Amino acid sequence: MSNISPKVIVITSGKGGVGKTTTSAAISAGLASLGHKTVVIDFDIGLRNLDLIMGCERRVIYDFVNVINGDANISQALIKDKRVENLFILPASQTRDKDALTKEGVGKIIEELKKEFQYIVCDSPAGIERGALLALYYADEAIVVTNPEVSSVRDSDRILGVLASKSHRAENKQEPVKEHLLLTRYSEARVKRGEMLAIEDVLEILSIPLLGVVPESPAVLNASNRGIPVTLDTSSDARTAYEQAVRRLLGENIPFDTSHKNWTRKLLDKLTLFRSPA
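Residues numbered from 1 in each chain as written. Predicted model: local features only at pLDDT ≥ 70, side-chain atom pairs only at ≥ 80, totals over all residues. Heavy atoms only, no water.

Caption draft 1: Structural detail: the pairing of strand β7 (residues 178-186). Bridging between strand β6 (residues 141-146) and β7 involves 6 bridges; their strand directions are parallel. Each bridged residue has a counterpart across the sheet, and for V144 the counterpart in β7 is L181. One ladder, built from 4 bridges, connects β7 with strand β8 (residues 210-215); its direction is parallel. Paired with L183 across the two strands is V213, which belongs to β8. (Pairing = 2+ DSSP bridges. Helix = DSSP H or I, 4+ residues; strand = E, 2+ residues; numbered from the N terminus.)

In structure tokens, the structure reads:
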């Protein structure tokens, strides 16, 4: 274990289908590939998908709810990734409902995981229901995933409000959850045709630092269908975007490619608004 204090990172959004689980897999695999011991937890009780995207669905014996209920210990439920030494998965249950999760139970598991892992990535279900609220409750940082569409951006704004008021940090008047924006399925051609919002429009609405822009790419779906996190798959523009997002998350100052965009100074300031981890 390094000297880095363990961090809990929630991957969240207001709207479903924006790429949260794909992002959770890519970010956690990216962190582990850089040598950080990382566990990713599936909070989508009843609709388990993370194990499919991670390619370990046939290895699930015990799950998150089993651990909370005391039917198994954490080491029994954790699945070690076969490709990356430092990566582990804690799958969700397919047979329970979201009421199986409790704030106390989740908190106890996260505290146990902090003893062993540098990064605890929480793959949140969409919206602001129980599972999503518990996924973000103990977060130190949040990656808000949104598509460049009005409904997705609006719902992400609601999630920012929840992070600011209903997280453990907010309730205990601690330093706020550090927020990052990850824009997925972005297409410059569709922006020019007026079919989606431009990056600067999304930034104006949400006003949080941009972590990365993942282009609309068949590589994302192809990787997911084969049970491979994008950051472990063959080279692609999507993989590069996720790898850069991971490095920015770790505090590296990696510039965005703005050569084909008409950025204003104000927006460029937002793009480079990153602090090194404390």
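Still more to cover.
Caption draft 2: The pattern of salt bridges, seen in detail. Here the structure, examined in full by the defined rule, presents 13 salt bridges. With a closest N to O distance of 2.6 Å, R83 and D81 form a salt bridge. We classify R83 as partly exposed; its relative accessible area is 40%. Relative accessible area serves as the criterion here: at 5%, D81 is assigned to the buried category. (Salt bridge = Lys/Arg side-chain N within 4 Å of Asp/Glu carboxyl O. Buried < 20%, exposed > 50% of the residue type's maximum accessible area, 1.4 Å probe, protein only.)

Caption draft 3: Here's a closer look at the pairing of β6. The element β6 is extensively covered by neighbouring structure, given that 6 of its 6 residues are classed as buried. Alternating residues of β6 divide into E141, I143 and V145 and A142, V144 and T146, and every residue in both groups is buried. Pairing analysis gives 4 bridges linking strand β1 (residues 7-12) to β6, with the strands arranged parallel. Following the sheet pairing, I11 is matched in β6 by I143.

Caption draft 4: Representation of the packing of helix α7 (residues 150-166) against helix α10 (residues 199-206). Their axes nearest at 10 Å, the elements α7 and α10 cross at an angle of 30°. Relative to α10, α7 is oriented roughly parallel. Every pair of crossing elements has a handedness; the one defined by α7 and α10 is right-handed. Between α7, through V153, S156, D157 and L160, and α10, the contact on the second element is made entirely by V202, I205 and L206. The class makeup of the residues in the contact of α7 with α10 is 5 nonpolar, 1 polar and 1 charged. (Axes fitted to C-alpha atoms, helices over the stretch in contact; angles between N-to-C directions. Parallel < 35°, antiparallel > 145°, perpendicular 65-115°, else oblique. Left-handed = near helix turned anticlockwise from the far one by under 90°. Contact = heavy atoms within 4.5 Å. Nonpolar A, V, L, I, M, F, W, Y, C, P; charged D, E, K, R; others polar.)

Caption draft 5: Structural view of the sheet that holds β6. Read across the sheet, 8 strands follow the order β3-β4-β2-β5-β1-β6-β7-β8 without closing on themselves; strand pairing throughout is mixed. The sheet is open, and its two borders are formed by β3 (79-80) and β8, each paired with just one other strand. Each of β1, β2 (38-42), β4 (87-90), β5 (119-123), β6 and β7 touches helix α1 (residues 20-33); the most contacted strand, β5, lies at about 170° to it. On top of the sheet, helix α5 (residues 103-114) reaches β1, β2, β4 and β5; it is set at about 145° to β5, its chief contact.

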